[in-house]
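Listed here are the chains, written in short residue letters.
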Amino acid sequence: MATFTERMGPVLLLWLAVCLGGTWAVDRGNFKTCDQSAFCKRQRAMKPGESPYRALLETMELTNTRLTLQLINDNNKVRLLLELYRLQGNITRVKINELKPLKPRYEVPDVLIREPPTEPLSLLSQDENGVVLSLGPESQRVIVSARPFRLDIVEGRDVLMSLNSRGLLGFEHLRMRKDTFSYKVTSTVASVWDNIKRVFSSSQADPEAENKEGTDPSNQAETTKEEEEKVEDGMWEETFKSHTDSKPNGPSAVSLDFSLPGVEHVYGIPEHADTLKLKTTDSGDPYRLYNLDVFQYELYNPMALYGAVPVMLAHNAQRTTGIFWLNAAETWVDISSNTAGKTVFGKMLDYVQGSSETPQTDVRWISESGIIDVFLMLGPTPRDVFSQYASLTGTQAFPPLASLAYHQCRWNYNDQEDVRSVDAGFDEHDIPYDFIWLDIEHTDGKRYFTWDPHKFASPKEMLQGLMDKKRKMVAIVDPHIKVDTNYKIHNEIRSRGFYVKNKDGGDYEGWCWPGSAGYPDFTRPDMRAWWASQFAYDQYEGAMENLYTWNDMNEPSVFNGPEVTMHKDALHGSWENRDLHNLYGLYVQRATTEGLIERSGGVERPFVLTRAFFAGSQRYGAVWTGDNAAEWDHLKISIPMCLSLGLVGISFCGADVGGFFKSPSTELLVRWYQTGAYQPFFRAHAHLDTPRREPWLFGPENTALIREAIRQRYTFLPYWYQLFYHAYHTGEPVMRPLWVEYPQDPATFALDDEFLLGRDLLVHPVTEEGARGVTAYLPGKDEEVWFDIHSFQKHNGGQNLYIPVTMSSIPVFQRGGAIIPRKLRVRRSSTCMEHDPYTLYVALNNQRTAEGELYIDDGHTFNYEKKEFIHRRFSFTNGVLSSVNLEPDAQFTTKSWVERIIILGASKPSMITLKTADGEENQLEFDFDASVFVLTIRKPGMNAGADWTVTLQ
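Residues numbered from 1 in each chain as written. Predicted model: local features only at pLDDT ≥ 70, side-chain atom pairs only at ≥ 80, totals over all residues. Heavy atoms only, no water.

Q: Pulling in residues and values, what's your account of the overall build of the chain?
A: When you go through the chain residue by residue, the secondary structure sums to 18 helices and 53 strands. In terms of overall dimensions, the chain is globule-like: its C-alpha atoms have a radius of gyration of 30 Å, near the 30 Å expected for 953 residues. Considering only C-alpha atoms, the chain reaches an extent of 105 × 75 × 55 Å along its principal axes. When burial is assessed residue by residue, the chain has 60% of its 953 residues classed as buried. The long-range fraction of contacts in the chain, counting pairs at least 24 apart against all pairs at least 6 apart in sequence, stands at 73%. Put simply, the chain shows about 35,800 Å² of open surface, and 50% of that area lies on carbon and sulfur atoms. Within the chain, one finds 98 positive and 127 negative side-chain charges whose respective centroids are separated by 1 Å. (Helix = DSSP H or I, 4+ residues; strand = E, 2+ residues; numbered from the N terminus. Rg over C-alpha atoms; globule rule 2.2 N^0.38 Å. Buried < 20%, exposed > 50% of the residue type's maximum accessible area, 1.4 Å probe, protein only. Contact = heavy atoms within 4.5 Å. Areas by Shrake-Rupley, 256 points an atom, 1.4 Å probe, with all protein chains shown as cover. Lys, Arg positive; Asp, Glu negative; His and termini not counted. Charge placed at Lys NZ, Arg CZ, Asp CG, Glu CD.)

Q: How would you sum up the sheet that holds strand E42 (residues 812-815)? Please name residues and give values.
A: The 6 strands are arranged E35-E36-E37-E42-E39-E40 in an open sheet whose pairing can be described as antiparallel. Each edge of the sheet is formed by a strand with only one pairing partner; in this case those strands are strand E35 (735-736) and strand E40 (794-796). The sheet contact formed by strand E37 (residues 761-763) and E42 spans 3 bridges and is antiparallel. Residue Leu761 lies in a different strand from E42, and its bridge partner there is Gln814. (Pairing = 2+ DSSP bridges.)

Q: Any details on the packing of helix H14 (residues 632-647) against helix H15 (residues 666-676)? Residues and values, ideally.
A: When two helices pack together, their arrangement is captured by the angle between the axes and the distance separating the axes. Across the interface, H14 lies against H15 with an axial gap of 10 Å and an inter-helix angle of 5°. Classified by the interaxial angle, the pair formed by H14 and H15 is roughly parallel. Contacts between H14 and H15 involve Trp632, His634 and Leu635 from the former and Glu667, Leu668, Arg671, Trp672 and Thr675 from the latter. (Axes fitted to C-alpha atoms, helices over the stretch in contact; angles between N-to-C directions. Parallel < 35°, antiparallel > 145°, perpendicular 65-115°, else oblique.)

Q: Describe in detail the pattern of salt bridges, supporting the description with residues and values.
A: Tallied over the entire structure, the rule returns 69 salt bridges. A salt bridge links Asp373 to Arg93; its shortest N-O distance comes to 2.8 Å. Here Asp373, found in strand E20 (residues 372-377), pairs with Arg93, found in strand E4 (residues 91-98); they are 280 residues apart in sequence, far enough to count as distant. The partner of Glu741 in a salt bridge is Arg759, and the shortest N-O contact between them spans 3.7 Å. Pair noted here: Glu741 is in helix H18 (residues 738-741) and Arg759 is in the loop between strand E36 (755-757) and E37, with a separation of 18 residues, a long-range link. What makes Glu741 buried here is its relative accessible area of 16%. In this structure, a network of salt bridges that share partners links the residues Asp245, Arg288, Glu330, Glu368, Glu563, Lys568, Glu576 and Arg578. (Salt bridge = Lys/Arg side-chain N within 4 Å of Asp/Glu carboxyl O.)

Q: A description of the side chain of Thr592 should follow, citing residues and the corresponding values.
A: Structurally, Thr592 is set in helix H13 (residues 584-599). At 3.1 Å, the side chain of Thr592 forms a polar contact with the side chain of Trp531. Every residue in contact with Thr592, bar those within four places of it in the chain, is listed here: Trp531, Phe535, Thr549, Asn551 and Val608. (Polar contact = N/O pair within 3.5 Å; in protein donor to acceptor, adjacent residues only side chain to side chain.)

Q: Could you give an account of the state of the cysteines, naming the residues involved and the relevant values?
A: Per the stated rule, a full pass over the model turns up 2 disulfides. Linked covalently through their sulfurs, Cys34 and Cys40 form a disulfide whose S-S length is 2.0 Å. Every disulfide takes its handedness from the sign of the S-S torsion; for Cys34 and Cys40 that torsion is -100°, giving left-handed. The two residues Cys34 and Cys40 agree in class, both being buried. Numbered by position along the chain, the disulfide-linked cysteines of the chain connect as 1-2, 3-4. (Disulfide = S-S within 2.5 Å.)

Q: Tell me about the sheet that holds strand E30 (residues 608-610), and name the residues and values.
A: Taken together, the 9 strands give an open sheet; going across it, the order is E32-E31-E30-E27-E23-E22-E21-E34-E33, and neighbouring strands pair in parallel fashion. The open sheet has two edge strands with one neighbour each: strand E32 (653-654) and strand E33 (656-657). Both strand E21 (residues 406-408) and strand E22 (residues 435-438) contribute to a ladder of 2 bridges, which runs parallel. Following the sheet pairing, Gln408 is matched in E22 by Ile436.

Q: Can you lay out the packing of helix H11 (residues 525-533) against H13 for me, pointing to particular residues and giving the numbers?
A: Interaxial distance between H11 and H13 falls to 7 Å at its minimum, and their mutual angle equals 45°. One finds that H11 runs oblique with respect to H13. For H11 against H13, the interelement crossing comes out right-handed. On the side of H11, the interface is formed by Arg528, Trp531, Ala532 and Ser533, while H13 contributes Tyr587, Val588, Arg590, Ala591, Thr592, Glu594, Gly595 and Glu598. When grouped by side-chain class, the residues that make up the contact of H11 with H13 number 5 nonpolar, 3 polar and 4 charged. (Left-handed = near helix turned anticlockwise from the far one by under 90°. Nonpolar A, V, L, I, M, F, W, Y, C, P; charged D, E, K, R; others polar.)

Q: Outline the environment of Pro765, listing residues and values.
A: With respect to the helices and strands, Pro765 occurs in the loop between E37 and strand E38 (773-778). Note on Pro765: relative accessible area 2%, which makes it buried. Along the sequence, Pro765 and Asp753 sit 12 residues apart, while their C-alpha atoms lie 7.5 Å from each other. The residues touching Pro765, leaving out its near neighbours within four places in the chain, are Ile639, Thr675, Asp753 and Phe755.

Q: Describe the pairing of strand E19 (residues 360-367), with residues and values.
A: The buried count for E19 comes to 7 of 8 residues, which makes it a mostly enclosed element. Here strand E13 (residues 254-261) pairs with E19 via 8 bridges, running antiparallel. Among the inter-strand pairings, Ser255 is bridged to a residue of E19, identified as Ile366. Where strand E18 (residues 331-337) lies against E19, 7 bridges are found, and the strand directions are antiparallel.

Q: Please provide a residue-by-residue account of the environment of Arg93, values included.
A: By relative accessible area, Arg93 is classed as buried at 6%. When the C-alpha atoms of Arg93 and Leu376 are compared, they prove to be 6.2 Å apart, with 283 residues separating the residues in sequence. Every residue in contact with Arg93, bar those within four places of it in the chain, is listed here: Glu83, Leu84, Tyr85, Leu87, Leu112, Glu115, Pro116, Asp373, Val374 and Phe375. Polar side-chain contacts of Arg93 include one of 3.2 Å to the side chain of Glu115.

Q: With reference to specific residues and values, describe the packing of aromatic side chains.
A: On inspection of all chains with the given rule, the structure shows 53 aromatic pairs. Between Tyr406 and Phe682 the ring centres are 4.9 Å apart and the planes differ by 55°, which places this aromatic pair in the tilted class. Within this pair, whereas Tyr406 is found in strand E21, its partner Phe682 is found in strand E34 (residues 682-684), the two being separated by 276 residues in sequence. The burial state of Tyr406 is the same as that of Phe682; both residues are buried. An aromatic cluster of three or more residues is present, and its members are Phe435, Trp437, Tyr548, Trp550, Phe607, Trp624, Phe652, Phe681 and Phe724. Positioned above the aromatic ring of Trp720, the side-chain terminus of Arg713 is 4.1 Å from the ring centre. Note that Arg822 overlies the ring of Phe716, its terminal NZ or CZ placed 4.0 Å from the centroid. (Phe/Tyr/Trp six-rings, centres within 6.5 Å; stacked < 30°, edge-to-face > 60°. Lys NZ or Arg CZ within 6 Å of the ring centre and 35° of its normal.)

Q: How would you summarise the nonpolar core if you had to cite specific residues and measurements?
A: Ranked by size, the top nonpolar core spans 174 residues in total, and within it Phe324, Trp531, Tyr673, Tyr678 and Leu757 carry the most contacts. Looking at this core element by element, the count peaks at 9 residues for H14. Those residues in contact with Leu757 that sit more than four places away from it in its chain are Tyr678, Tyr719, Trp720, Leu723, Val734, Met735 and Val763. If you look at the next biggest cluster of nonpolar residues, it comprises 50 residues, including Leu133, Leu163, Leu278 and Ala314. (Core = buried A, V, L, I, M, F, W, Y, C linked by side-chain atoms within 4.5 Å.)

Q: Outline the pairing of strand E46 (residues 870-877), listing residues and values.
A: Of the pairings in the sheet, the one linking strand E45 (residues 850-856) to E46 comprises 7 bridges and is antiparallel in character. When the sheet's bridge partners are listed, Ile856 is paired in E46 with Ile870. Where E46 and strand E47 (residues 880-885) come together, 6 bridges link them in antiparallel fashion. Counterpart to Arg873 in the pairing with E47 is Val884. Counted between consecutive antiparallel strands, the loop separating E46 from E47 contains 2 residues, among which Asn878 sits at a positive phi close to 55°.

Q: I'd like a description of helix H7 (residues 382-393), backed by residues and values.
A: Under the 1.5 Å per step criterion, the end-to-end length of H7 is 17 Å for 12 residues, consistent within 8% with the ideal 16 Å. When we look at burial in H7, the residues that qualify are Pro382, Val385, Phe386, Gln388, Tyr389, Ala390, Leu392 and Thr393. Gly394 occupies a position one or two residues after H7 and carries a positive phi of about 90°. (Expected span 1.5 Å × (residues − 1).)

Q: Give a detailed account of the environment of Lys103, specifying residues and quantitative values.
A: You can see Lys103 is positioned in the loop between E4 and strand E5 (122-127). By relative accessible area, which is 35% here, Lys103 ends up partly exposed. For the pair Lys103 and Arg175, spaced 72 residues apart in sequence, the C-alpha to C-alpha distance is 9.3 Å. Leaving out residues up to four positions away in the same chain, Lys103 has contacts with Leu174 and Asn249.

Limitation: the analysis is restricted to geometry and does not speak to function.
Shown next as structure tokens:
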């Protein structure tokens, strides 16, 4: 088998080159539209109107923790069970399932970090039209209307959100196929039984019998005989191109509409290469959530990409809310708005004419299978929504400090000598980096967990050489396993029965990089535990503690599968891939992350990059935006793509610097480094067929520009690390849209060419070719001031500022009122800077105050969980700068000290004194630049973990 696949390797690569690389563009014909997806087409054919569903109020049961209520579809008499929960933290959960399904329907496991804690529900009123329940805070209520069924969440007189207000609830119940033998037997028996019942019931006329039959839950199976639903194409079998989906369970789609009064801006549902503000979909396809391997994706359209997070945020100047649709099947999201397409003039005309139409956005979720399980996160602030979502799915994993530094990658570094040469090149050109990466060619014939015996004959020697320089490596481990009886990993997975099965029960096989490949069933806990064990140092030959992991192709990618992925009728135990497809990538990253933790005995933090993801993936590491291209528009789109991910919990996001496909111009490459240096995950990467593009290959002038961008990243590492510590604790995004911090400023609501890092850094990268200037919006009218971090020039908030730029310009501003710690002594890697001193940048606001934080730990272990860290608060008020301990019970020491304090927007003092914790006072030297009002305090020298005050007199 090995010789066969090795022989087929060149053929496969040729096929890939023709199919995937020839035009350097996605073949849209490989991927379905809604019209080509039978369930989407069926559900979308439903038009708004009166819903066939009504609530059977007599079935209502209310306990301290939940309300249950049956719904009936008056067209087919099939009953559903509605469950409603009030959760802690201002969240409402709504679940809808069949009352008596033929077989269990899939409910997503492992995404919620726990069963969400509930709070009491209380009944306020009830009549024949519906019920009103209290949600507790601020007169929030849930109104359940009976005929037709509708659910409204109200606060005071305001409707926050309505469910099924447009009558688009759809729930395709599981049924037996009518042309099967078992169906004919069942229906014959049912018919005989009906005749027997009719004989007995006719002699006992009961005027309420019809009503009883309509309300008896046990009647579900019997009433299905009344269905006269037509069988449509694609309900029991569906063909796309050459692939047939057998659909043994028949139609099983679910859908529900949500109305958001007062809302014009919605965000989230990544991953799409589109604007931050989601567009209406009335005139095209809905946004699709279905993890797919899309080569060089198109921009500004709703096509599915590598990951799927079914979370949407809605925002206006009064409130932020969120919808979390917990379903892992293929999902489409339609968005419509009553203000879509109106020009600014049109809206002004409405205002002048006294138009009373309230803006409203309507959203409809459509999933192929599973149940409806939706969490309504009611805010009211952006931070509240982040906290609410984090309480459900967890927060961003706290990464090792080094992983926030610069990563150098390409497909592929050829051999150990190539790695050594590139590593030396960074030193020769005085450019720092922390990680060098190896793509698939480092393996022995695409057998993961192995090394090419000729090109990487001594991996430990290579890794030790990097370790000696305090650097690290990432090697790729993909989840498709070469079918080869001489390959240990394959043999073990097959012998343990751990592969995904095809519809007939055999091991599922498809084509990927190794040729014929099997796909481990990562939904199985025992499979994940075994996979994790393979990262142990006595299993993964050649691995050392400075080797980390990259999971690519984990949608999963199947080159000869439908839409370049797994067949939907493939089996994970008793569940089809159809039910859980979007979870596969999360499980791969989870198992890998657990393996890296276990190999160190639970001591060391892992670093794992994934391409595919789902809600909750933030708990396991980083993601990137996949196979982009060396084009200006791809540079621009990296900003809204990462902003969208941050809004739904995944902060550790980046795009391939320079573009994966094609070759960037030197101008584009420099601008991409300047942008990437201010995005959370900072990695250069390139395709096998592109010319080499290490930073020093474009002439001394461009080398200097790239060096400066990377060095800026390293100076801000203390700030990045602090932001990730906060993300880990709060769920707040590291890289965030301006509206998150300025939620009442409509000018920020659609901005996606600039962004904030935390609260305190505003970044407007240069993303236009040949740009001589950019216009940045500085928020905070009458409140904020912003300081250019390079020139220290001060600017007022609430303005569009034109900034002339040259090739060296990276427009970045520090908010007045913020104190940011930096390390200005840049060395070859972040670990080499561990004990270096800090410079504090104190930017004064209009009230001449400022505050900030400093977080320090060992940078790589979980010891912070044992309170081994330093967390300080800096504050400047009334001319006194102080450092106080935010965590008095934490224990950690640092050798780092404060070597400089730079105060922006300062006045010249006559004297400056330092007072340390032991009461000792010293005068400090300083310089004052009156042209920009910058005060520099030199060599204060206090330990970064100590209490102290600096007083300006």
